[in-house]
Amino acid sequence: LSVENNPKGRKNSSFISVSSEYCLIFAKNKEKSFFVENVPKKASDMILDENGRYVHNSGKRVLVGENSFNREVTRLDSDKNYSVYYSKRKQNIVLKKELISQVDESLLADGYTKYYSFYKDHLVENTYTETKFKQLFIDGALEFSENKIYEKNFNDTIRIKSQLVNREYEAIVSGKKQKYSMELTTTGAGTQLKQLFNLKDSPFSAPKNIGFLRLLITLFDSRELMVLDFFSGSATTAHAVMQLNAEDGGHRKFIMVQLPEACDEKSEAFKAGYKNICEIGKERIRRAGKKIKEDNPLTTQDLDIGFRVLKLDSSNMEDIYYTPKEYMEKEISLFVDNVKADRSSEDLLFQVMLDLGTSLSSKIVKKEIAGKEVYDVANGHIMACFDKDVNDDVITAIAKEKPSYIVKRDNSLAEDSVSINFYQIFNTYSPNTERRVI
């Protein structure tokens, strides 16, 4: 898609002032994807057929009718003068050189409908040549109306599909027509970000506009989808998702991925205390969520603006945890713990969630049981305690909750007797709980 990002052109462009850029669209499986050309329209407003979703190009008829130009055809040797016979049952067309008064009765008897361009009682040229028309049919780009306007099944409504023209700089956002404005430009995006951070200049050099991303997301019917942005930058996508949820009550989620690229020390962001791009993105989500709720207090009471920040790192576990046989007995004695010394309980919890295939967005509740810290993930799916000196009271309380998984550290139990009782306690209160030790 060609996107006008700066109507006046960028000042920092070399030689030629650049005013637009491209949004590239890829589909892993074209058969399960749907897009419309030019400015998108939301999926629920499109028509669905066996070839996918489409919208009419308003007034764009392949075989033009009485609202078209008035030029009578006096000869049939032009390759734009032909009638069309179409059979929905056979999914087939037959093109014939014939006058409006002529009809192939055998084709009508076989279930075909005749289409011809005309003006009042006179023939006019069709929009496309026979070759082009056939290719449009092969491509599934034609819609054949089934209205019966004239005697003998004459019909002039064959339209092009998958066309939506952005006339007079109008766009469709969330199903509503609006004038094209700064809302879709990078110039407007910089202004929005500058105002959000209350800075003299934008903290990010080339932000995308919320309006443009909202427009793309509204292509999909679902309000429960997950939006993934592998190059999230200033987290515009997260902002757009929260804004859309506020507008239509959706429950879309987002995953933002960004390398912690350092900010230029001369930049406005660095001067404001942001050392890398990730810090800008996190603060942008906090500020945007807060502002959305402040601006829409009546409709955003249940809006979820919370998020978790995770970073890629090495395993929490020492190498011996994975390959104990490679270490001799005398070397094993050097390891006091399987877990690396600089890792927290939350680090361990998220590794356990990954190992067990549990969503990282799952609800996590931190509880205190008999003076020990216990994590409850996804309403009892996982219960984990990584504290030391865990006694029978803690184990019993957890077992009575009947979690799907119980996770503890290898050296967390207070004494050997508790280790022996651990399995017996779960056999008594929750025999179906799977037990994991790290």
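Residues numbered from 1 in each chain as written. Predicted model: local features only at pLDDT ≥ 70, side-chain atom pairs only at ≥ 80, totals over all residues. Heavy atoms only, no water.

Peer 1: Would you take a moment to explain helix H11 (residues 392-400) for this structure?
Peer 2: Three- or four-residue spacings in an α-helix give side chains the same orientation, since the helix completes a turn every 3.6 residues. Those residues of H11 that sit buried are Val 394, Ile 395, Thr 396, Ile 398 and Ala 399. Between a side-chain oxygen at the N-terminus of H11 and the backbone nitrogen of Asp 393 the separation is 3.1 Å; the capping residue is Asn 391. Once H11 ends, the next one or two residues include Lys 402, with phi positive near 55 degrees. (Buried < 20%, exposed > 50% of the residue type's maximum accessible area, 1.4 Å probe, protein only. Helix = DSSP H or I, 4+ residues; strand = E, 2+ residues; numbered from the N terminus. Polar contact = N/O pair within 3.5 Å; in protein donor to acceptor, adjacent residues only side chain to side chain.)

Peer 1: Please explain the sheet that holds strand E7 (residues 113-115) as it appears in this structure.
Peer 2: Strand pairing within a sheet occurs via backbone hydrogen bonds; the two strands may be parallel or antiparallel. Reading across from one edge, E6-E5-E7 is the order of the three strands in this open sheet, with antiparallel pairing throughout. Two strands in the sheet have a free side with no partner beyond their single neighbour: strand E6 (92-96) and E7. Adjacent strand axes in the sheet meet at a mean angle of 25 degrees when their direction is disregarded. (Pairing = 2+ DSSP bridges. Axes fitted to C-alpha atoms, helices over the stretch in contact; angles between N-to-C directions.)

Peer 1: I'm lost on the pattern of salt bridges in this one. Help?
Peer 2: Two side chains bearing opposite charge may form a pair once their charged atoms approach each other closely. The full count for this structure, using the stated rule, is 17 salt bridges. Of the charged contacts, one joins Asp 376 and Lys 367 as a salt bridge, the two residues approaching to 3.2 Å between their closest N and O atoms. Given the relative accessible area of 9%, Asp 376 is considered buried. Linked by salt bridges that have partners in common, Arg 89, Lys 90 and Asp 110 make up one network. (Salt bridge = Lys/Arg side-chain N within 4 Å of Asp/Glu carboxyl O.)

Peer 1: Looking at this structure, how should I read the sheet that holds strand E17 (residues 372-377)?
Peer 2: Across the sheet, five strands lie side by side as E16-E17-E18-E19-E20; this open sheet has mixed pairing. Two strands in the sheet have a free side with no partner beyond their single neighbour: strand E16 (364-369) and strand E20 (434-437). Each adjacent strand pair in this sheet contributes to an overall mean axis angle of 20 degrees, direction not counted. Relative to E17, E16 runs antiparallel, the two sharing six bridges. Of the residues in E17, the one forming a bridge with Lys 367 is Val 374. On top of the sheet, helix H10 (residues 345-355) reaches E16, E17, strand E18 (382-385) and strand E19 (405-408); it is set at about 30 degrees to E17, its chief contact. On top of the sheet, H11 reaches E16, E17, E18 and E19; it is set at about 140 degrees to E16, its chief contact. (Contact = heavy atoms within 4.5 Å.)

Peer 1: Would you take a moment to explain the nonpolar core for this structure?
Peer 2: Side chains that are nonpolar tend, in soluble globular proteins, to be buried together. Counting residues in each nonpolar core, the largest one holds 23 residues, and the members touching the most others are Phe 197, Met 242, Phe 254, Ile 280 and Ile 285. The contact partners of Ile 280, leaving out residues within four places of it in the chain, are Phe 197, Pro 203, Ser 234, Cys 263, Ala 269 and Tyr 274. Leu 348, Met 353, Leu 356 and Ala 384 belong to the second largest nonpolar core, which has 16 residues in total. (Core = buried A, V, L, I, M, F, W, Y, C linked by side-chain atoms within 4.5 Å.)

Peer 1: Can you walk me through the pairing of strand E14 (residues 226-229) in this structure?
Peer 2: Of the two faces of E14, only the one carrying Val 227 and Asp 229 is buried; Met 226 and Leu 228 on the other face are not. Relative to strand E15 (residues 253-256), E14 is paired through four bridges, and the arrangement is parallel. Across the sheet, the residue bridging to Met 226 is Lys 253, located in E15.

Peer 1: For this particular structure, what's the right way to read the packing of aromatic side chains?
Peer 2: By convention here, two paired aromatic rings are described through the distance between centres and the angle between planes. Applying the stated criterion across every chain, the model contains nine aromatic pairs. Ring centres 6.3 Å apart and planes at 75 degrees place the aromatic pair Tyr 86 and Phe 137 in the edge-to-face group. In this pair, Tyr 86 is assigned in strand E5 (residues 83-87) and Phe 137 in helix H2 (residues 130-138), connecting sequence segments 51 residues apart. As far as burial versus exposure is concerned, Tyr 86 and Phe 137 are alike and both buried. Ring geometry for Phe 422 and Tyr 423: centres 4.9 Å apart, planes at 85 degrees, overall edge-to-face. For Phe 422, a relative accessible area of 1% gives the class buried. On the accessibility criterion, Tyr 423 (41% relative accessible area) is partly exposed. The ring centre of Phe 270 lies 4.4 Å from the NZ or CZ of Lys 275, which sits over that ring. A cation over a ring is seen here: Lys 408 above Phe 422, with NZ or CZ 5.2 Å from the ring centre. (Phe/Tyr/Trp six-rings, centres within 6.5 Å; stacked < 30°, edge-to-face > 60°. Lys NZ or Arg CZ within 6 Å of the ring centre and 35° of its normal.)

Peer 1: I'm lost on the pairing of E6 in this one. Help?
Peer 2: Along any regular strand, the residues point their side chains to alternate faces of the sheet. What you see with E6 is a clean split: Ile 93 and Leu 95 sit on the buried side and Asn 92, Val 94 and Lys 96 on the side with no burial. Both E5 and E6 contribute to a ladder of five bridges, which runs antiparallel. Within E6, the position partnered with Tyr 85 by the bridge is Val 94. Taking the residues that link successive antiparallel strands as the turn, the E5-E6 hairpin has four residues, and the phi of Gln 91 there is positive, at about 50 degrees.

Peer 1: Before we go on, may I ask you to explain helix H5 (residues 236-248) in this structure?
Peer 2: The terminal C-alpha atoms of H5, which comprises 13 residues, lie 18 Å apart, in line with the 18 Å expected from a rise of 1.5 Å per residue. Most of H5 is tucked away, with eleven of its 13 residues classed as buried. Of all the residues in H5, the buried ones are Thr 236, Thr 237, Ala 238, His 239, Ala 240, Val 241, Met 242, Gln 243, Leu 244, Asn 245 and Ala 246. A positive phi of about 70 degrees marks Gly 249, the residue just after H5. (Expected span 1.5 Å × (residues − 1).)

Peer 1: Help me out: how do you make sense of the packing of H5 against helix H7 (residues 277-295) in this one?
Peer 2: To describe two helices that pack against each other, one gives the angle between their axes and the distance between the axes. In the contact formed by H5 and H7, the axes pass within 9 Å of each other and the chain directions differ by 15 degrees. With respect to their mutual orientation, H5 and H7 come out roughly parallel. For the pair H5 and H7, the crossing hand works out as right-handed. Where H5 abuts H7, its residues Thr 236, Ala 238, His 239, Met 242, Gln 243 and Ala 246 lie against Arg 284, Ile 285, Ala 288, Gly 289 and Ile 292. For the contact of H5 with H7, the residue count by class is six nonpolar, four polar and one charged. (Parallel < 35°, antiparallel > 145°, perpendicular 65-115°, else oblique. Left-handed = near helix turned anticlockwise from the far one by under 90°. Nonpolar A, V, L, I, M, F, W, Y, C, P; charged D, E, K, R; others polar.)

Peer 1: Please clarify how the environment of Glu 346 should be interpreted in this entry.
Peer 2: In this fold, Glu 346 is placed in helix H10. Relative accessible area serves as the criterion here: at 42%, Glu 346 is assigned to the partly exposed category. Spatially, the C-alpha atom of Glu 346 lies 9.0 Å from that of Tyr 375, the residues being 29 residues apart in sequence. If sequence neighbours within four positions are ignored, Glu 346 has contacts with Lys 366 and Tyr 375.

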